[in-house]
Amino acid sequence: MNVALDMQLALGTATGIGEYASGLAAALRDSGVHVTELSEPKLDPWRFDRRVAWDQVVLPQRARTSGADVLHCTSGTMPMRAGMPTVVTVHDVAWLKVQHHTRPYARYYFGAFALQRYKRADAVIVDSAFSKDELLGVGAIDPAKIEIVFPGVASDYCALTLQEPQPFVLVPGTVEARKNLAVLIRALPHLPGVRIVSTGPFTPYRDECEALARDLGVSDRIDFRGYVSRDALLQLYASCSLVAVPSRYEGFGYAAAQALCAGVPVIAARTSSLPEVVDGAAPLVDPEDESVWASAMQAVLHDPQSARERAQAVKANAQSRFSWQASADAAIRVYARAIA
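First, a word on what this report is: a plain description of the structure on this page.

**Quick notes on unusual backbone geometry**
- Despite not being glycine, Ser272 shows a phi value in the positive range, around 50°.
- Topologically, Ser272 is positioned in the loop between strand E11 (266-269) and helix H11 (274-278).
- Given a relative accessible area of 17%, Ser272 falls into the buried group.
- Although it is not a glycine, Asp279 sits at a positive phi angle of roughly 50°.
- As for its position among the elements, Asp279 is in the loop between H11 and strand E12 (284-285).

Spelled out as structure tokens, the structure:
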């Protein structure tokens, strides 16, 4: 089997989707699949016009000339006409549900326009049962062609050597409204001496968070790192007291899965896909209640070693659930159906 894989969002400042595409490519090769990686560094994937040019013009051209049996669009968008069997991964339908503050043309392209393309795909992969339900709720898509396939977590998280926990809370992910960093900032006055380290690209939501921190007098305890290198991020996972995932909306929740596989304490919001990802292995908290967040974080920070021991106890199960090999095996079965 020869699979053409859309790797455009693995370029540059790759976030969760880039992690997904890179991990899947490696796991497919380990399973004996011939993978043709498709990307174009000259087209910035974070510029809207460049992204559309890639999706609708360059990607289908490259896929058709690659000799591949199937095209896998890994980034939640796909061409109007691919000219070959096509699988698309729909990570979430956030553009139709929670991205109302964004530009109308972006909401249309990543929302309603993308939804119409999904109906024409030969098969659809979703990251969670939550995302499947969300997708079925917004469009008339045949449930028979939707397959739930958990993404894997990379081996460097699974093999991470933890260090003495430091009094900071790691919050990985793009600084955007749905990630809900503000609830942790509101909790910070109740946690003397504790810092928040935020890693991920900025959006205008960062300005809101900084203004809130100034109003609460905690600006000096919030470190906005922006996008950091992989080595730097792994170092933060290894040395933090806990990972916090307060998102209101996640199609999967990579930060929670990575923390579980690394054996790092994690607290997540009781919403969207996060209960499914955590699966009883970590505390779940109301995403809007800062007092509950403060109490939950204080419980970990008061005795970080015990929290580490509990996290280590569930690590093996998490690594089994989020295995890239299992993810690749499931994807191969989807490809075979799409080709047939």
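That was the structure; now back to the text.
**Considerations on the sheet that holds strand E8 (residues 195-199)**
- Pairing is parallel in the open sheet, where six strands are placed in the order E9-E8-E7-E10-E11-E12. The outermost strands of the open sheet, each flanked by one partner alone, are strand E9 (222-226) and E12.
- Two elements, E8 and E9, share four bridges in a ladder whose sense is parallel. Pairing of Ile196 across the sheet is with Ile222, part of E9.
- Packing against the sheet, helix H10 (residues 254-262) makes contact with strand E7 (166-172), strand E10 (240-245) and E11, and its axis sits at approximately 150° to E10.

**Here's the deal with the sheet that holds strand E2 (residues 34-38)**
- Taken together, the six strands give an open sheet; going across it, the order is E2-E1-E3-E4-E5-E6, and neighbouring strands pair in parallel fashion. The open sheet is flanked by E2 and strand E6 (146-148), the only strands paired with a single partner. Direction aside, neighbouring strands of the sheet carry axes that sit 25° apart on average.
- Summarising the sheet, strand E1 (residues 2-6) and E2 pair through five bridges and their orientation is parallel. Bridge pairing in E2 links Ala4 to Thr36.
- Here helix H5 (residues 129-138) sits on the sheet and contacts strand E4 (86-90), strand E5 (123-126) and E6; the angle it forms with E6, its principal contact strand, is near 160°.

Criteria and cut-off values
- Residues numbered from 1 in each chain as written.
- Predicted model: local features only at pLDDT ≥ 70, side-chain atom pairs only at ≥ 80, totals over all residues.
- Heavy atoms only, no water.
- Helix = DSSP H or I, 4+ residues; strand = E, 2+ residues; numbered from the N terminus.
- Buried < 20%, exposed > 50% of the residue type's maximum accessible area, 1.4 Å probe, protein only.
- Pairing = 2+ DSSP bridges.
- Contact = heavy atoms within 4.5 Å.
- Axes fitted to C-alpha atoms, helices over the stretch in contact; angles between N-to-C directions.

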